[in-house]
Amino acid sequence: MIARLSLLIALLVTGCAGSLEGADDDACRVSLGFTPSTPYSGPGGEVTVTADVQNTTGVLVYTWDVTYVGGTVPFTPAAANDSAIRFTALDPGTYEVTLDVSAPSKQCNQASQRINVLDSTGMLTDVRLHVTPPFDLDVPPIDRMIRVFGGADYDLGPVVLEPGIPATGMVRTGTGTGVAAYMRFSPLGMAGAVTETFSSASGAYDVTLLNQPHDVLVIPSSPTHAPQKFSWGSSTSSFIVSAGTAITGSVRHGVTPISGARVQLTIAGVPTTLGTTAGDGSFTVRGNPTTGAVVKVEVTPPAATGLPRLESQAQFDADGPFNVVYNSTLQTRNLSGTEVRRGGALLANRKVVIVGALSSIGNVTAGVTDIASGFARVSTTTNGSGVLPSVLVPAGPLSAVVTILDSDLAVTPFNTTTVVPGLIDAEVMTSFTTQALGQTPLDGVRLDLVPVGALALAGAPTLQLISSSTGMFSSSIAGGGIYDAVFSDPKGRQGQRIVTDVTADGFALSYSLGPAVSVSGTLSVTGNPNKLRGASVTILCATCTGLDRERPIAETASDQAGDFVLAVPDPGTM
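Peer 1: Please explain the overall build of the protein chain as it appears in this structure.
Peer 2: From N to C terminus, the protein chain includes one helix and 47 strands. Across its three principal axes, the protein chain shows a C-alpha extent of roughly 95 × 65 × 40 Å. In the protein chain, which comprises 574 residues, the proportion classed as buried is 46%. Restricting to contacts in the protein chain with at least 6 residues of sequence separation, those with at least 24 account for 64%. Approximately 26300 Å² of the protein chain is accessible, and the part contributed by carbon and sulfur atoms is 52%. One finds the centroid of the 30 positive side-chain charges in the protein chain at a distance of 8 Å from the centroid of its 45 negative side-chain charges.

Have a look at this one:
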């Protein structure tokens with residue numbers, strides 16, 4: 001039997017562009033198969049393609065065509081009746097074979113087959129293919145691992161989404177009372193294909209899911225019910241939430257209790273309810289402790305204390321109690337009276353966010369003790385004279401992010417370890433120019449400037465620029481700001497390039513984007529003869545964590561025919 005490419009290599013071998021569902025059983029049907037199942041390029045890269053013609057008799061006439069990158073590829077007959085051909089794939093990439101069959105009494109469909117030919121020296125990398133259907137189509141997303149091969153464009157063929165099944169039921173208490181809640185469904189083996197919904201005030205939910213087991217995170221809106229993780233299957237209807245277990249603790253600054261601090265634990269990825277400390281610093285949250293789980297502790301003191309937010313993560317005893325202690329040596333400073341200027345002019349009524357990452361600010365004890373880190377983020381506004389009001393901040397290295405206008409920011413470092421600064425001098429926006437290059441200058445390249453450091457802590461937005469016809473970028477960014485520069489080519493000529501920790505005066509004159517290979521495919525939904533157009537198609541990192549896991553390597557939308565093409569950085573050859 002002729003071998004076919006596996007799902008990883010070509011997903012499906014099909015004889016025609018349209019679906020055969022509902023076709024006349026007596027119709028002439030043509031399909032193609034090929035050997036070897038994984039062809040490699042070169043002088044010995046011989047590929048044999050064989051036709052399978054059903055439901056017709058008599059003398060058949062076979063008209064073959066083989067193309068590569070728009071050009072014709074020579075071939076020779078591999079069967080006496082022309083029902084098979086053979087060609088040599090000298091170069092890696094996607095070859096397209098089409099066949100028209102003329103039968104004496106019936107009309108046969110045109111068969112076509114794309115064949116991925118790999119580079120024998122090509123390296124490979126695994127990435128995630130994430131597809132989100134358009135919002136008006138109630139179909140679950142997918143998040144699949146695919147393999148990208150160095151040195152060759154690659155066609156996935158049909159990428160078929162499942163229509164899913166309706167999942168309805170209730171979030172309720174043990175006594176049957178409905179509970180409003182946020183719900184996040186994550187299919188097992190495809191955790192990135194998350195479906196989110198909310199249950200109503202009566203506890204009812206209605207969502208479409210893949211017909212496979214899911215992990216479900218349920219976070220009730222009522223603080224009297226603990227968030228909980230469940231398993232979902234096609235026979236699941238109700239999720240019964242409870243008050244969970246009361247987990248106690250205290251928050252102190254040295255020996256002084258902190259009142260009004262917000263406390264939340266996350267146990268094995270499941271948050272507890274949000275607690276607030278009482279006058280004696282004590283708190284109670286409700287959750288579902290798991291023995292041996294990693295527990296994350298987050299404490300946000302009232303802004304009036306001037307203390308930073310505290311974070312700690314360890315294999316704590318999840319049953320508690322959790323004793324959170326800020327170092328007694330951690331002091332605060334009042335910025336009252338500090339002037340905010342730019343170029344000698346006072347900046348009246350301007351938003352100022354004081355931020356800073358701080359290490360070793362205290363410790364958390366619950367069975368084990370962990371040294372906690374934290375960060376400050378204090379938002380305030382200058383008065384009509386350009387002076388900061390009374391506002392407490394931690395003593396230590398900080399930065400002021402000043403918003404002069406919506407698109408005009410400045411970052412000014414200062415240190416309150418020993419003294420309060422009398423002046424915060426906001427730098428002017430700093431101009432820069434750079435150029436995107438491939439083999440030639442690249443027009444239409446997108447440059448995302450992603451804030452890091454102080455700008456990120458202050459919540460500054462990502463800036464997006466498009467290169468000119470000569471590949472040039474020219475703009476201004478926050479004085480004193482640091483960014484990650486992400487270059488991507490929507491036209492698919494080159495691969496993405498990321499340059500980390502760039503300042504305005506640190507831009508190179510130009511950046512060469514690396515070589516790319518294209519990954520293409522056609523989207524459809526099982527049982528639907530129409531191709532899936534307008535879907536979001538993204539390539540994501542398979543091994544990254546945190547924010548980098550969700551940062552697109554390449555992204556596009558499927559066209560009217562359901563087709564998509566993405567430019568992915570070439571893994572290269574050996």
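Now that the structure has been shown, we can carry on.
Peer 1: What is the right way to look at the pattern of salt bridges in this model?
Peer 2: Pairing is possible between side chains of opposite charge, provided their charged atoms come close. Scanning the entire structure with this criterion turns up 18 salt bridges. In this structure, R309 engages E311 in a salt bridge whose closest nitrogen and oxygen atoms are separated by 3.2 Å. Given the relative accessible area of 23%, R309 is considered partly exposed. A salt bridge links D548 to R551; its shortest N-O distance comes to 4.0 Å.

Peer 1: Could you clarify how one ought to interpret the nonpolar core in this entry?
Peer 2: A general trend in soluble globular proteins is that nonpolar side chains are found buried together. Counting 30 residues, the largest nonpolar core has L129, V131, L156, V159, L161, L523 and I539 as its most contacted members. When residues of this core are traced back to their parent elements, those giving at least two are β9 (124–132), β10 (142–149), β11 (154–161), β44 (516–525), β45 (536–541) and β47 (563–569). Each residue touching L161, except ones within four places of it in the same chain, is listed here: V131, P133, V139, P140, I142, L523, S524, V525, T526 and L532.

Peer 1: I'm lost on the packing of aromatic side chains in this one. Help?
Peer 2: For any pair of aromatic rings, the description rests on two quantities: the centre-to-centre distance and the angle between the ring planes. With the rule as written, the count across this model stands at 12 aromatic pairs. The interplanar angle of 40° and the centroid separation of 5.3 Å between the aromatic rings of F149 and Y154 together place this pair among those described as tilted. Looking at F149, the relative accessible area reads 12%, which means it is buried. With centroids separated by 5.2 Å and ring planes inclined at 50°, the aromatic side chains of F230 and F239 adopt a geometry described as tilted. Summarising the burial analysis for this pair, F230 and F239 share the class buried. Through pairs of rings, three or more aromatic residues link up here, namely F185, Y205, F230 and F239.

Peer 1: Looking at this structure, how should I read the pairing of strand β14 (residues 195–199)?
Peer 2: Burial of β14 is one-sided: the residues T195, T197 and S199 facing one way are buried, the residues E196 and F198 facing the other way are not. Two strands pair when backbone bridges link them, and strand β13 (residues 181–187) and β14 are joined in this way by five bridges, in the antiparallel orientation. Among the inter-strand pairings, R184 is bridged to a residue of β14, identified as E196.

Peer 1: Would you mind going over unusual backbone geometry with me for this structure?
Peer 2: Leaving glycine aside, a negative phi is the common case for residues, and trans is the common case for peptide bonds. Following T35, the chain continues to P36 via a peptide bond in cis, the omega torsion being -5°. Checked against the element boundaries, P36 lands in the loop between β1 (29–35) and β2 (46–54). Along the chain, G320 connects to P321 via a cis peptide bond; the corresponding omega equals 0°. Mapped onto the secondary structure, P321 falls in the loop between β26 (309–314) and β27 (322–326).

Peer 1: Help me understand the sheet that holds strand β39 (residues 463–466), please; the structure alone is not making it clear to me.
Peer 2: Backbone hydrogen bonds hold the strands of a sheet together, and the pairing may be parallel or antiparallel. Strand order in the open sheet formed by four strands is β39-β38-β41-β42, with antiparallel pairing between adjacent strands. Bordering the open sheet on either side are β39 and β42 (497–502), each of which pairs with just one other strand. When strand polarity is set aside, the average angle formed by the axes of neighbouring strands in this sheet is 20°. Sheet analysis places strand β38 (residues 446–452) next to β39, joined by four bridges and oriented antiparallel. Within β39, the position partnered with D448 by the bridge is Q464.

Peer 1: Would you mind showing me how to read the environment of V340 here?
Peer 2: Relative to the helices and strands, V340 is located in strand β29 (residues 339–342). Taking the C-alpha atoms as reference points, V340 and L99, 241 residues apart in sequence, are found 74 Å from one another.

Peer 1: Sorry if this is basic, but what is going on with the state of the cysteines here?
Peer 2: By definition, a disulfide links the sulfur atoms of two cysteine residues through a covalent bond. Taken as a whole, this structure holds two disulfides when the rule is applied. For C28, the disulfide goes to C108, at an S-S distance of 1.8 Å. Residues C28 and C108 are joined by a disulfide whose S-S torsion is about 90°; by sign, that bridge is right-handed. Linking C28 in the segment before β1 with C108 in the loop between β7 (93–102) and β8 (111–117), this pair joins segments that are 80 residues apart in sequence. There is no split in this pair, since C28 and C108 are both buried. The disulfide partner of C541 is C544, and the gap between their sulfur atoms is 2.2 Å. Note on the C541 and C544 pair: the S-S dihedral is about 85°, so by sign convention the disulfide is right-handed. Once the disulfide-bonded cysteines of the protein chain are ranked by sequence position, their pairing pattern turns out to be 1-2, 3-4.

Peer 1: Mind showing me how you'd approach the sheet that holds β7 here?
Peer 2: If you walk across this open sheet you meet the four strands as β4-β3-β7-β8, and the pairing is antiparallel. Since the sheet does not close on itself, it has two edges, and those belong to β4 (71–72) and β8, each with one partner.

Peer 1: I would appreciate a short explanation of the confidence of the model for the protein chain in the present structure.
Peer 2: Predicted coordinates in regions of low pLDDT should not be interpreted in detail. For the protein chain, per-residue confidence averages 93 on the pLDDT scale, and 96% of positions sit at 70 or higher. Under a pLDDT of 50 for its full length, residues 1–22 has, in the predicted model, 55 contacts with residues more than four places off or in other chains.

Peer 1: What is the right way to read the pairing of strand β25 (residues 295–300) from this model?
Peer 2: Remark: a regular strand shows side chains that alternate across the two faces of the sheet. With five of six residues buried, β25 is to be regarded as a mostly interior element. In the sheet, strand β21 (residues 262–267) pairs with β25 via six bridges, with the strands oriented antiparallel. Directly across from L265, in β25, lies its bridge partner V297. Where β25 and β26 come together, five bridges link them in antiparallel fashion.

Cut-offs used in this document
Position numbers for residues count from 1 along each chain, tracking the sequence in the order it is written. In keeping with the predicted nature of the model, local features appear solely for residues at pLDDT of at least 70, side-chain atom pairs appear and are counted solely at 80 or more, and the whole-chain, interface and lining totals rest on all residues. Calculation of side-chain values draws on the structure's entire complement of heavy atoms; hydrogens and water are dropped beforehand. Put simply, DSSP marks the helices as runs of H or I at least four residues long and the strands as runs of E at least two long, and each gets a number from the N terminus on. Note on classification: 1.4 Å probe, protein chains only; a residue is buried when its accessible area is under 20% of the maximum for its type, exposed when over 50%, partly exposed between these limits. Every residue pair with non-hydrogen atoms within 4.5 Å of one another is taken to be in contact. Methods summary: accessible areas were calculated by the Shrake-Rupley approach with a probe of 1.4 Å, and residue burial reflects only the protein chains presented. Here the positive residues are Lys and Arg and the negative ones are Asp and Glu; neither His nor the chain ends is included. By convention, the charge on Lys lies at NZ, on Arg at CZ, on Asp at CG and on Glu at CD. Take a side-chain nitrogen of Lys or Arg and a carboxyl oxygen of Asp or Glu: if they are within 4 Å of each other, that pair is a salt bridge. Buried Ala, Val, Leu, Ile, Met, Phe, Trp, Tyr and Cys residues that are joined via side-chain atoms within 4.5 Å together make up what is termed a nonpolar core. Two aromatic rings, drawn from Phe, Tyr or Trp (for Trp, its six-membered ring), form a pair once their centres lie within 6.5 Å of each other, and the interplanar angle then sorts them: stacked below 30 degrees, edge-to-face above 60, tilted otherwise. When DSSP finds two or more bridges between two strands, those strands count as paired. The axes used here are C-alpha line fits, helices contributing only the stretch in contact, and every angle between their N-to-C directions lies in the interval 0 to 180 degrees. Cysteine sulfur pairs qualify as disulfides if the two atoms are within 2.5 Å. Confidence of the predictor in every single residue is expressed as pLDDT, which spans 0 to 100.

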